[in-house]
Amino acid sequence: MTDPTLIRNFSIIAHIDHGKSTLADRVLQLTHTIEDRDMVEQVLDSMDIERERGITIKAQAVRVLYTADDGVEYTLNLIDTPGHVDFTYEVSRSLQACEGAVLVVDATQGVEAQTVANAIMAMNAHLEIIPLINKIDLPSADPERVRHEIEEALAIPADEAVLASGKTGEGVREALEAVVRHVPHPVGDPHAPLKALIFDSYFDAYRGVVALIRVIDGHIAAGMKVRLMAAGTVTDVEEVGVRRPVHVPVEQLGVGEVGYLVTGLKDTSLVKVGDTVTAAKHGAVEPLPGYREVKPMVYTGLFPIDGDQYPELRDALDKLRLNDPSVIYEPESSHALGFGFRCGFLGLLHMEIIKERLEREFDLDLLATAPSVEYHVFKTNGEMLSIHSPQDMPEPGTIDRIEEPYLKVTVLVPPEFVGAIMELTELHRATFVNMQYLSATTVEMHYEMPLSELIMDFFDQLKSRTRGYASLDYEVMDYRASALVKLDVLLAGKAVDALSFIVHKDKAFARGKMLTEKLRGIIPRQMFEVPIQAAIGGKIIARETVRAMRKDVIAKCYGGDISRKRKLLEKQKKGKKRMKQVGTIEVPQEAFMAILKVDD
Amino acid sequence: MTDAIAPASGAGTSPEPVSLYVHVPFCVSKCAYCDFYSQAGGAELQSPFVDAALFEAGHWSHYDLLDDVPTLYIGGGTPTLLGDGLVRLVRGLLETANVRRGAEITVETNPETTDAALVAKLLEAGVTRFSLGVQSFDDDVLKTLGRCHDAGKAREAARILRDSGAPFSIDLICGVPGQTTASWDATLEEAVRCGARHLSVYPLSVEEGTPLEASIAAGSLPTPDPDTAADMMLAAEVALTAAGMPRYEVASYAQPGHEARHNLVYWTGGSYLGVGPHAASMLTSEQFLRVAEGEGWSLPADGTHVPARVRFTREVSLGDYLRRPLDAPVPFESLNAAEAAREDAMLGLRLASGITSSQAAAAGVLETLAELHEQGLVRVRKSAGGEAVWATTEQGWLLGNRVFGAIWNAGQPPRP
């Protein structure tokens with residue numbers, strides 16, 4: 001066990017793209033945790049998707065040994081957290097495992113929405129915050145302005161902010177010195193019953209579920225029997241250890257230590273992020289505070305393009321869920337798309353990532369329908385239904401009212417774009433709450449807005465209307481009644497259930513018209529004319545037509561052309577494979593997402 | 001040559017018919033839509049090219065592949081740009097290859113290089129037919145296509161050919177950006193009047209990397225409208241049928257007896273050898289194995305695939321071809337018996353004569369044909385012998401890729 005006074009547990013937090021993972025790489029190199037020759041970029045982001053997209057999805061913990069200027073060797077536990085608003089709860093749990101946080105702010109971008117959101121989360125977790133201004137090697141770096149913004153916007157004294165560059169390594173040692181000096185060492189009772197916080201878990205094919213934990217009180221050792229208090233799971237501790245970042249088993253983990261716990265369990269849903277580990281016998285009475293069940297925010301239908309792959313999709317979801325218990329799914333069947341699953345995700349990024357992982361890691365070709373939120377439908381008979389899919393919406397006559405989730409939305413933007421934000425938010429049914437100038441260059445605007453509008457291309461629009469300067473953060477607020485209707489889309493006279501969506505009454509006409517126009521461009525010409533109609537409760541509100549295809553022939557076909565032509569036909573067929581056959585109509589995948597790209 | 005005696009090619013075996021194609025990769029200038037392998041100019045390379053082509057043809061003859069040549073086609077490029085070199089090429093080929101008595105010997109030409117004296121010399125050398133690249137009798141359309149001749153020159157070339165007495169074909173392109181139906185109708189009318197006995201009518205296809213594609217992408221030309229092309233294809237069928245040149249292939253019309261025999265070899269699974277850079281060849285597997293053994297080509301070591309026919313192309317630049325005509329790598333592609341049967345069925349449906357039920361059954365496409373029949377893309381009739389014959393309908397011609405694609409892809413696992 002390590003002497004708690006020599007331990008520093010800290011996290012690096014930042015707005016996306018401010019250089020968090022690169023900075024973590026430099027820490028690993030400086031402390032010789034990883035030798036230069038073994039270094040890859042974004043060491044802690046082990047998934048391909050994380051590296052390709054330059055984002056962190058899973059939390060990670062790594063132990064590094066650092067000999068400080070005072071000549072003492074400290075044990076630093078660096079906990080890398082996801083950087084996206086979809087994973088807010090996971091981040092909050094990771095922060096709970098720390099005593100300090102290095103708040104990274106890009107020297108060219110300054111304070112952004114998630115800088116604020118993360119800083120507030122760190123403050124709520126009572127962490128010591130060490131501001132670090134990153135990317136000072138860039139010619140457009142303006143550390144003075146950023147220092148000022150940190151003080152203005154976050155009320156964090158920044159005169160001692162570390163100036164650093166993850167790229168050159170400058171300032172990284174200073175950052176670690178600041179961690180050693182300013183971050184309090186962990187305090188706990190080594191003689192009290194075990195209390196350890198689970199801040200992440202994942203599934204290892206050979207070892208079962210592995211949890212990342214932080215010991216608060218007592219100690220944990222291999223061979224112990226432990227209980228996970230919220231889930232009620234009892235299991236043996238097969239092994240405990242630390243990550244450097246390879247797994248190194250240790251005899252036990254004591255107060256303040258961060259490490260991993262091999263449970264041998266096969267079901268990740270039994271090992272929940274935020275849960276408390278205690279001894280099975282004579283364990284703690286009270287769990288650590290802050291645990292909650294993670295609830296999906298957005299829902300989508302996932303259907304295999306090739307209907308025969310339904311069992312494969314089910315297996316893939318079962319396996320993926322082992323690594324990510326926040327994904328929920330239930331079978332869904334659609335007249336248009338056949339058998340698939342209605343899946344719930346933490347947010348749009350999470351949804352995209354899971355779809356991509358399913359396709360990549362399990363070699364599936366999937367079609368996703370437009371995401372929806374969870375509506376609360378109150379029927380005239382007093383019954384309340386939770387609806388995740390427009391298909392499940394009851395008959396309009398039986399509905400008393402529909403409530404939808406609302407968000408508190410925060411937008412940070414330079415003052416010249418305030419007008420653009422006002423305009424955009426109005427289009428998305430947002431209610432203005434207030435705004436304040438954080439500095440001469442940053443305005444913070446607060447809105448209340450339906451989640452269903454946020455997932456309607458809001459983020460892309462926000463970025464494009466502000467030339468990328470605006471940043472966004474949100475949290476769930478409550479459910480509110482709205483005048484919502486279900487809009488159906490008919491192709492060749494037949495309603496295609498997978499194209500239905502729920503929309504505010506006042507927007508239904510415009511969106512129906514836009515969508516039919518959009519679909520006319522997306523649906524290729526077929527051998528017959530295809531009318532596209534939008535309807536509410538049987539009443540047609542918009543109509544477009546895809547004219548019949550008249551010519552599709554490459555006439556030239558001589559000696560050398562024959563192979564070429566055949567290959568072309570094969571390619572054409574492959575193109576068709578990516579389309580979904582709905583009745584007799586070939587519909588490209590993007591048609592099912594078209595509603596999201598309808599600009600008002 | 002017409003009196004040539006069949007050489008003794010192995011005791012007792014009759015010579016195998018293999019058609020011969022020679023690719024002449026020279027043009028006066030590149031047209032805007034063309035993605036064929038050819039280069040503008042290069043006068044100093046033309047004579048060496050004739051030498052190289054004759055050398056290559058001579059090489060093939062060692063494999064007994066040129067002992068019975070039913071058709072010879074010299075295409076391009078613009079073969080007539082070679083002038084007297086072309087006459088030398090024709091004579092040389094006829095010495096090297098045993099071209100069948102009454103064989104079809106076609107030379108491709110373009111208006112700017114069609115010269116009465118040259119035509120006479122070619123006919124004297126043995127050429128039996130010309131194919132003239134007119135494309136349009138409308139100056140504006142010719143300009144859009146980037147042709148280096150005007151309509152006047154095309155008319156003059158057609159007159160030279162007609163006066164020579166040799167049958168000739170002309171090529172026309174429809175669906176050109178900016179081309180009007182009036183312009184197309186006038187071009188068709190002139191094509192009928194000019195004395196051609198064979199017409200090839202193509203809807204324009206915009207090929208990758210061509211100047212035409214670039215102009216369309218840049219917006220200086222409108223995207224070709226497929227509906228207009230469809231109207232024009234229909235207009236061609238009506239006008240040419242009325243003029244006594246019925247359609248016999250999706251893009252080919254001819255007076256009866258003047259169908260392009262060389263092209264029919266392509267469309268009916270016959271063997272052919274290509275000479276020249278980027279010329280394609282197709283041989284039966286027996287013929288190919290003979291060649292591969294002699295050339296030391298290694299075959300794919302896949303025991304599951306028993307080839308029935310093999311196609312290969314010498315992918316070589318003109319410069320390399322001239323230095324060492326035989327050294328270039330020859331990527332090949334082999335089809336097994338089922339694939340070959342399907343390919344024949346697909347090509348058979350490009351022909352007005354269609355395919356018989358037994359041919360369709362052998363290719364395993366009867367079910368697919370029934371589906372296409374339901375969609376109105378093929379029809380079925382009884383042949384004189386009482387067997388059912390499947391052929392492409394009017395709508396099927398226009399949606400040819402649907403028909404051909406369905407037939408070719410019929411061998412792959414069915415879609416759910």
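The structure presented is a predicted model; accordingly, all values stated were derived computationally and were not measured.

1. Focus: the interface of chain B and chain A
Chain B puts 34 residues into the contact, and the matching count from chain A is 23 residues. For the side of chain B that touches chain A, the secondary structure elements donating two or more residues are strand 8 (198–203), helix 8 (226–242), helix 9 (261–267), strand 11 (272–275), strand 12 (280–284), strand 13 (307–313), helix 15 (394–398) and helix 16 (400–408) of chain B. Tallying contributions element by element places helix 16 of chain B first for the side of chain B that touches chain A, with six residues.

2. Things to note about unusual backbone geometry
The residue after Arg 244 of chain A, namely Pro 245 of chain A, is reached through a cis peptide bond having omega -20°. The topology assignment puts Pro 245 of chain A in the loop between strand 12 (239–243) and strand 13 (247–250). That bond from Gly 76 of chain B to Gly 77 of chain B is cis: its omega, 20°, falls within 30 degrees of zero. On the secondary structure map, Gly 77 of chain B appears in the loop between strand 4 (69–76) and helix 2 (84–96). Phi at Lys 135 of chain A takes a positive value of approximately 65°, unusual for a residue other than glycine. One can find Lys 135 of chain A in the loop between strand 5 (128–134) and helix 5 (143–154). By C-beta crowding, Lys 135 of chain A is classed as buried, having 26 other C-beta atoms within 10 Å. Positive phi outside glycine occurs at His 282 of chain A, with the angle close to 55°. Structurally, His 282 of chain A can be placed in the loop between strand 16 (276–279) and strand 17 (298–304). The exposure class of His 282 of chain A is exposed, given the 8 C-beta atoms found within 10 Å.

3. Thoughts on the environment of Glu 239 of chain A
Residues and elements named next belong to chain A. Mapped onto the elements, Glu 239 comes out in strand 12. Sequence separation of Glu 239 and Arg 207 is 32 residues, and the distance between their C-alpha atoms is 9.7 Å. Excluding residues within four positions of it along the chain, Glu 239 makes contact with Ala 222, Pro 249 and Val 262.

4. Observations regarding the packing of helix 2 of chain B against helix 3 (residues 116–125) of chain B
All names here are of chain B. Contact geometry for helix 2 and helix 3: axes closest at 9 Å, N-to-C directions at 10°. One way to sum up the angle between helix 2 and helix 3 is to call them roughly parallel. In contact with Leu 86, Val 87, Val 90 and Arg 91 of helix 2, helix 3 contributes Lys 121, Leu 122 and Ala 125. Residue classes in the contact of helix 2 with helix 3 are distributed as five nonpolar, no polar and two charged.

5. A word on the sheet that holds strand 8 (residues 208–217) of chain A
All names here are of chain A. Spatially, 11-10-16-7-8-15-12-13 is the arrangement adopted by the eight strands of the open sheet, whose pairing is antiparallel. Both edges of this open sheet fall to strand 11 (233–236) and strand 13, since each of them pairs with a single strand only. Geometrically, the sheet is characterised by an average inter-axis angle of 40° between neighbouring strands, direction not taken into account. Across nine bridges, strand 7 (residues 195–204) lies against strand 8 in antiparallel orientation. Paired with Asp 200 across the bridge in strand 8 is Leu 212.

6. Some details on helix 8 (residues 348–361) of chain A
An α-helical turn contains 3.6 residues, so any two residues separated by three or four positions project in the same direction. All names here are of chain A. Here helix 8 contains 14 residues, and its C-alpha end-to-end distance of 20 Å stays within 8% of the 20 Å for a straight helix at 1.5 Å per residue. The complete set of buried residues in helix 8 reads Leu 348, His 350, Met 351, Ile 353, Ile 354, Arg 357 and Leu 358. Backbone geometry just after helix 8 places Asp 363 at a positive phi near 55°.

7. Brief notes about the sheet that holds strand 20 (residues 366–368) of chain A
Residue and element names in this part refer to chain A. Read from one edge of the open sheet, four strands run 18-19-17-20, paired in antiparallel fashion. The open sheet has two edge strands with one neighbour each: strand 18 (328–334) and strand 20. Within this sheet the neighbouring strands show an average axis-to-axis angle of 30°, counted without direction. By the bridge criterion, five bridges tie strand 17 to strand 19 (residues 338–345) in an arrangement that is antiparallel. Residue pairing in the sheet places Gly 301 in a bridge with Arg 342 of strand 19.

8. A look at the pairing of strand 4 (residues 100–106) of chain A
Residue and element names in this part refer to chain A. Counting buried positions over the seven residues of strand 4 gives seven, a clear majority of the element. Where burial is concerned, the two faces of strand 4 agree: the one with Gly 100, Val 102, Val 104 and Asp 106 and the one with Ala 101, Leu 103 and Val 105 are both buried. The sheet contact formed by strand 1 (residues 7–14) and strand 4 spans five bridges and is parallel. Its bridge partner being in strand 4, Ser 11 is matched across the sheet by Ala 101. Here strand 4 pairs with strand 5 via seven bridges, running parallel. Within strand 5, the residue paired with Leu 103 across the bridge is Pro 131.

Cut-offs and rules
- Residues numbered from 1 in each chain as written.
- Chains lettered and ligands numbered in written order.
- Predicted model: local features only at pLDDT ≥ 70, side-chain atom pairs only at ≥ 80, totals over all residues.
- Contact = placed C-beta atoms within 7 Å.
- Helix = DSSP H or I, 4+ residues; strand = E, 2+ residues; numbered from the N terminus.
- Buried ≥ 20, exposed ≤ 12 C-beta atoms within 10 Å, placed from the backbone.
- Axes fitted to C-alpha atoms, helices over the stretch in contact; angles between N-to-C directions.
- Parallel < 35°, antiparallel > 145°, perpendicular 65-115°, else oblique.
- Nonpolar A, V, L, I, M, F, W, Y, C, P; charged D, E, K, R; others polar.
- Pairing = 2+ DSSP bridges.
- Expected span 1.5 Å × (residues − 1).

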